[in-house]
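Each chain is listed here by its residues.
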Amino acid sequence: MTIAPCKKEKRHEADHYSWIKRRIKTEQIEKYLDNGKCFIDSIGIERSLAENTHPDPRRVRDILQKSLAVETLTLDETACLLHVEDPELLAEMQRVAAEVKVKVYDNRIVTFAPLYLSNFCVNDCLYCSFRRSNDQARRRILTNEEIRREIEVLAGVIGHKRLIVVYGEHPRSDIDYMVSTLQTIADVKVKTRKGWGQIRRCNVNAAPLSIEELRLLKDAGIGTFQVFQETYHRPTYEKVHPADTIKGDYLWRLYCMHRAMEAGVDDVGIGVLFGLYDWKFEVMALLCHAIELEDKFGIGPHTISFPRLEPAGNTPFVENPEHRVNDEAFKKLVTVLRLAVPYTGMILTARENARLRREVLPLGCTQTDASTKIDIGGYAERIDENQPDERQQFILGDTRSLDDVVRELAEAGYITSFCTAGYRCGRTGQKIMKLLRSGKEGQYCKLNAIITFREWLDDFGSEQTIAVGENVIEREIEQVKERLPGVYEQFLGYYEKTKAGNRDLYF
Ligand code: SAM
Ligand code: SF4
């Protein structure tokens, strides 16, 4: 027997649908179109791919020089790199990609954790276990008190300083919820071994927002606003995102970074969910997006993400995707992205297993996550346990702790940076683009990386990690003495104060 909904339930349902209907603001798409056309020219991309199938090694080497000069590549140049098959030339591309990364970002790797606050979602993306039609998903939205408990673990036990806060699209996690939860996160301060811990930068991964909502996020003090287009290939996009959902609107999503820029959110992160369509097409389209943002706003993407489709609970679509990207293709696409958009940050996630992360990170990645939990409430409630499949958005490949990842990075010669100074000192948007292209951003970052790494080792590092980490710090301090003599004394002052328990000192 079905029970007829009561009046209150009916009103609730009506509110829900009216919220969905009001989401897309057509005028906030149309104003950015060029003569009614969007910036993804699929025919142009296909043509460029078809015309560059036999790369001449001399041309490839010229293109590599352009990447080394930190210049964005053209579509044809990128298509040429995408078609390189010769193993020696590929190895050369990988070496140059690594060199570009060091030139722009030095030997630093930034770490972060994703924090999922809710898995209520009105959309129905075929590949995601949070989709509305998945009746096996256990829906949950965190309260302020539950969020505080998550942060106590993230900032007080693991030692993260940066989060990517992730929201489903739903009236319950609307802009008011976002703003209030970001405030809650910022307010938590936790006593640690020698000082105190706090989340100092919140990036946000959410559904596309309107200009007015993005202004509110800007005022809330977010770092990067991240939205992945998932696939730039429109027929595929329409196949995997049902037309009767908000996410079904390709252009509303495609232009969300234009709206962000207009709202003053000038650190934006773009990405593709690799495996939905041909990976070469998607790399070219990511480049088109970067070029469009550079052309229209003078600011390219702060980060590019390249998640691959992973298995997800009760989600048959991901069992055998037609365009699955194998490991070799994945390494190549990361290499080419690094070379094509040399100034951008590149995010490698714990979707990938530890072995592959070791191989892919040196190809030019700048950020990675660790101690990752992607079930709602997972940090506080299941910190030492495996996450049950039916609670996660998808299945992770690498669940190692931050301490393990930091130690491994230090052994490989990287310094883990917990620096969050950039956006707090106004080094965002055009300013950071200039600093990155000229290699100057590295100077501030080197100093801040050492100070924040010292903080983290003293507050959270295991004995083993401290031992390896201190070798890295010693070497880095020598480099500061040699390369930045003008700030060396002041830097040493900050470093000693940090060792004594002062926190959050930065350049
Ligand atoms: N709901 C928002 C949206 O769709 O933009 C935000 C977050 S969603 C939880 C974050 C990202 O996870 C998506 O943009 C998508 O790229 C990725 N994702 C979803 N399902 C996935 C899967 N099965 N494997 C790997 N990544 C997945
Ligand atoms: Fe919802 Fe995002 Fe998952 Fe799509 S990917 S179902 S929008 S949470």
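Residues numbered from 1 in each chain as written. Chains lettered and ligands numbered in written order. Predicted model: local features only at pLDDT ≥ 70, side-chain atom pairs only at ≥ 80, totals over all residues. Heavy atoms only, no water.

**Some thoughts on helix H14 (residues 327-340)**
The line we're drawing: Secondary structure is summarised from DSSP: a helix means a run of H or I of at least four residues, a strand means a run of E of at least two, and numbering begins at the N terminus for each. A helix is expected to span 1.5 Å for every residue after the first. Burial classes: relative accessible area under 20% of the type maximum marks a residue as buried, over 50% as exposed, and values in between as partly exposed (1.4 Å probe, protein chains only).
Compared with the 20 Å implied by 1.5 Å per residue over 14 residues, the 20 Å span of H14 between its first and last C-alpha is a close match. Within H14, twelve of the 14 residues are buried, leaving the element largely enclosed by the surrounding structure. All buried positions along H14 are accounted for by Ala329, Phe330, Lys331, Lys332, Leu333, Val334, Thr335, Val336, Leu337, Arg338, Leu339 and Ala340.

**Things to note about the site of ligand 1**
Put simply, the test is: Throughout this document, a residue counts as near a molecule or strand when at least one of its heavy atoms sits within 4 Å of that molecule or strand. Two N or O atoms count as a polar contact when they lie within 3.5 Å, although within protein this holds only if one can serve as hydrogen donor and the other as acceptor, and sequence-adjacent residues are included solely when both atoms are side-chain atoms. Surface exposure here means Shrake-Rupley accessible area, sampled with a 1.4 Å probe, where a residue is shielded only by the protein chains that are shown.
Glu230, Lys247, Arg253, Glu310 and Gln393 are the nearest of the 21 residues found near ligand 1. With respect to ligand 1, the side chain of Glu230 contributes an N or O atom lying 2.6 Å from an oxygen atom. Here Lys247 contributes a side-chain N or O atom positioned 2.8 Å from an oxygen atom of ligand 1. Considered on its own, ligand 1 offers 560 Å² of accessible surface; in the complex 95% of this is hidden by protein.

**Some details on the pattern of salt bridges**
Heads up, the rule is: In what follows, salt bridge is the name for a side-chain nitrogen of Lys or Arg lying within 4 Å of a carboxyl oxygen of Asp or Glu.
Scanning all chains against the criterion turns up 40 salt bridges. Two residues, Arg108 and Asp106, come together in a salt bridge whose shortest N-O distance is 3.9 Å. Accessibility assignment for this pair places Arg108 and Asp106 in one class, buried. Two residues, Glu408 and Arg400, come together in a salt bridge whose shortest N-O distance is 2.8 Å. Residues joined in a network through salt bridges with shared partners are Arg308, Asp327, Glu328, Lys331, Glu352, Arg355 and Glu359.

**Section: the side chain of Glu310**
Using the following cut-off: Under this rule, positive means Lys or Arg and negative means Asp or Glu; His and the chain ends count for nothing. A contact between two residues is defined here by any heavy atoms of the two lying within 4.5 Å.
Along the chain, Glu310 turns up in the loop between strand S8 (303-305) and H14. One buried charged side chain, Glu310, makes no salt bridge at all; its nearest oppositely charged neighbour is Arg308, positioned 5.0 Å away. Residues contacting Glu310, with those up to four places away along its chain left out, are Val318, Arg351, Glu352, Phe394 and Ile395.

**Structural notes on the site of ligand 2**
Quick reminder of the rule: Think of it as three bins: nonpolar holds Ala, Val, Leu, Ile, Met, Phe, Trp, Tyr, Cys and Pro, charged holds Asp, Glu, Lys and Arg, and polar takes everything else, Gly as well.
The local shell around ligand 2 consists of Cys121, Asn123, Cys125, Cys128, Phe130, Arg131, Lys247 and Gln393. Here the residues of the shell around ligand 2 are counted per class, giving four nonpolar, two polar and two charged.

**Observations concerning the packing of helix H13 (residues 279-297) against H14**
Heads up, the condition is: Whenever a helix is involved, its axis is fitted only over the stretch in contact; in every case the axis is a line through C-alpha atoms, and angles between N-to-C directions fall within 0 to 180 degrees. For classification purposes, an angle smaller than 35 degrees is called roughly parallel, one larger than 145 roughly antiparallel, one from 65 to 115 roughly perpendicular, and anything else oblique. Less than a right angle of anticlockwise turn of the near helix away from the far helix marks a crossing as left-handed, whereas a clockwise turn marks it as right-handed.
Relative orientation of the contacting elements H13 and H14 amounts to 20°, with a least axis distance of 11 Å. Classified by the angle their axes make, H13 and H14 are roughly parallel. H14 is crossed by H13, and the crossing has right-handed handedness. Of H14, the residues touching H13 (which contributes Trp279, Val283, Leu286 and Leu287) are Ala329, Lys332, Leu333, Val336, Leu337 and Ala340. Its residues assigned to classes, the contact of H13 with H14 shows nine nonpolar, no polar and one charged.

**Quick notes on the environment of Trp196**
If you trace the backbone, Trp196 turns up in strand S4 (residues 196-197). Note on Trp196: relative accessible area 25%, which makes it partly exposed. Taking the C-alpha atoms as reference, Trp196 lies 7.5 Å from Gly156; in sequence the two are 40 residues apart.

**Some remarks on the pairing of strand S2 (residues 162-166)**
The criterion, for reference: DSSP calls a pair of strands paired once it identifies at least 2 bridges connecting them.
Counting buried positions along S2 yields five of five residues, so the element is predominantly enclosed. Side chains of S2 alternate between two faces, with Arg162, Ile164 and Val166 and Leu163 and Val165 buried alike. Where strand S1 (residues 108-116) meets S2, four bridges bridge the pair, whose relative direction is parallel. Residue Leu115 lies in a different strand from S2, and its bridge partner there is Val165. One ladder, built from five bridges, connects S2 with strand S5 (residues 201-205); its direction is parallel. When the bridges of S5 are listed, Leu163 appears paired with Cys202.

**Notes on the pairing of S1**
Heads up, the condition is: By convention a crossover is right-handed if, when the strands point away from the viewer, the path from the first strand over the helix to the second runs clockwise.
Across the nine residues that make up S1, a large majority, nine, are buried. Both faces of S1 are covered, namely the face carrying Arg108, Val110, Phe112, Pro114 and Tyr116 and the face carrying Ile109, Thr111, Ala113 and Leu115. Sheet topology places S1 next to strand S11 (residues 415-417); three bridges connect them, and they run parallel. Looking at the pairing, Val110 lines up with Ser417 of S11. Across three bridges, S1 lies against strand S10 (residues 367-369) in parallel orientation. The residue bridging Val110 from the neighbouring strand is Gln367, located in S10. Between the parallel elements S1 and S2, the chain passes through helix H7 (residues 144-158) in a crossover that is right-handed.

Function cannot be inferred from these measures alone, as they are strictly geometric.
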